[in-house]
Amino acid sequence: MRSDTTARTARRRTLRVAAAALTAAAALSLTACSGADAAGAKPAGHSDTAQGTAESGGAGSTAGAQASAAPASAGATAEARNDAKAGAAGKQSGGAPAAGGKASSAARTQRLADGVSTAEVSKLGEQHYRAKIVARGEVLATLETNGHDDGLDANDMFVTLTLDGQVHSWMGGGHQGPGTFTLAGGWKAKVTKLGELRYRAQIIGHDGVAATLETDQHDVGLDANGIYLVLSSGGIISAHA
């Protein structure tokens, strides 16, 4: 009897131990499952958070793009405004250079005394004219008035350009200075040499010296009350009525 009682007691202890072991195993299983769920929840939560961050980052990027676009737009507007001002300033300042650049009117053409050459005359301003002497399509010389008449000795063809843009030309009649010579229209010319390619001609009338011509490596001309005179840089003087 005692032996049976002992055996039963041992079995009961074994069952209790087994039950306790099963309970512990179940608890461990539940804990593991809940841990797995928790572990799964974190990635899911992390994914949601990451997605939310991405979404909020996208919104931030959009906002950033908009924010960056605004200054760019403002900058572009400022630049356009500056360009507009610069353009306006350029237009305003462009008028003066145009005048300073001697913008000329349409040229008129006049045949000269040699029958071959022409003078292309253009107006540059008040009492300011230019005449290009052209022969066979080539510009041989240029006359220009700017507060005074101008003249040219072109191989014994003499040309004057007056302050009002008139061209007069004639052939021959030259006198080689130095010396005093009687000219057309009753004028006398006293020509003196000043230096290399430098001559002076005093134009003398009834009342004394009426005008003075002087070359400085450049021919000169004069309209003396309808009498046209040329003094060349070589000291030759000629006049024509």
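Source: prediction; values computed, not measured.

### Focus on the overall build of the chain
When helices and strands are counted, the chain shows 1 helix and 15 strands. Sequence-distant contacts, at least 24 apart, represent 33% of the contacts inside the chain between residues at least 6 apart. Working note: accessible area of the chain is about 14800 Å², and carbon and sulfur atoms make up 55% of it.

### Some points on the nonpolar core
With 17 residues, the main nonpolar core has Leu183, Ile203, Leu229, Leu231 and Ile237 as its most contacted residues. Elements that contribute at least two residues to this core include exactly strand 10 (188-195), strand 11 (198-205), strand 13 (220-224), strand 14 (227-231) and strand 15 (236-240). Of all hydrophobic cores here, the second largest spans 13 residues; its members include Leu112, Ile133, Leu143 and Val159.

### Details of the packing of aromatic side chains
For the structure shown, the criterion picks out 1 aromatic pair. Ring centres of Phe158 and Trp170 lie 5.9 Å apart, and the angle between their planes is 20°; on these two criteria the pair is classed as stacked. Of this pair, Phe158 sits in strand 6 (residues 157-161) while Trp170 sits in strand 7 (residues 167-171), and the two are 12 residues apart along the sequence.

### Quick notes on unusual backbone geometry
A cis amide bond, omega 5°, links Gly177 with the succeeding residue Pro178. Within the fold, Pro178 resides in the loop between strand 8 (175-176) and strand 9 (179-182). For Gln127, which is not a glycine, the phi torsion comes out positive at approximately 55°. Structurally, the position occupied by Gln127 is in the loop between strand 2 (118-125) and strand 3 (128-135). Within the chain, Asp156 stands out as a residue other than glycine whose phi angle is a positive 75°. Turning to its location among the elements, Asp156 is positioned in the loop between strand 5 (150-154) and strand 6.

### Details of the environment of Arg198
Considering the arrangement of structural elements, one finds Arg198 in strand 11. When its relative accessible area of 32% is taken as the criterion, Arg198 is described as partly exposed. Sequence separation between Arg198 and Gly235 is 37 residues; the distance between their C-alpha atoms is 7.6 Å.

### Details of the sheet that holds strand 5
Ordered by their spatial adjacency, 3 strands build an open sheet running 5-6-7, and the pairing between neighbours is antiparallel. The open sheet has two edge strands with one neighbour each: strand 5 and strand 7. Between one strand axis and the next, the sheet turns through 15° on average, direction left out of account. Where strand 6 and strand 7 come together, 5 bridges link them in antiparallel fashion. From the neighbouring strand, Val159 faces strand 7, where its bridge partner is Ser169.

### Structural notes on the pairing of strand 4 (residues 138-146)
Note: strand 3 against strand 4, 8 bridges, orientation antiparallel. Along strand 4, the bridge assignment pairs Tyr129 with Thr145. Taking the residues that link successive antiparallel strands as the turn, the strand 3-strand 4 hairpin has 2 residues, and the phi of Arg136 there is positive, at about 55°.

### Concerning the sheet that holds strand 12 (residues 208-214)
In space, the 4 strands of this open sheet follow the order 9-10-11-12, with antiparallel pairing throughout. Each end of this open sheet is capped by a strand with a single partner; those strands are strand 9 and strand 12. Taking each pair of neighbouring strands and ignoring which way they run, the sheet shows an average axis angle of 25°. Sheet topology note: the strand 10/strand 11 ladder contains 7 bridges and is antiparallel. Across the sheet, Thr192 pairs through a bridge with Arg200, a residue of strand 11.

Cut-off values and rules
- Residues numbered from 1 in each chain as written.
- Predicted model: local features only at pLDDT ≥ 70, side-chain atom pairs only at ≥ 80, totals over all residues.
- Heavy atoms only, no water.
- Helix = DSSP H or I, 4+ residues; strand = E, 2+ residues; numbered from the N terminus.
- Contact = heavy atoms within 4.5 Å.
- Areas by Shrake-Rupley, 256 points an atom, 1.4 Å probe, with all protein chains shown as cover.
- Core = buried A, V, L, I, M, F, W, Y, C linked by side-chain atoms within 4.5 Å.
- Buried < 20%, exposed > 50% of the residue type's maximum accessible area, 1.4 Å probe, protein only.
- Phe/Tyr/Trp six-rings, centres within 6.5 Å; stacked < 30°, edge-to-face > 60°.
- Pairing = 2+ DSSP bridges.
- Axes fitted to C-alpha atoms, helices over the stretch in contact; angles between N-to-C directions.

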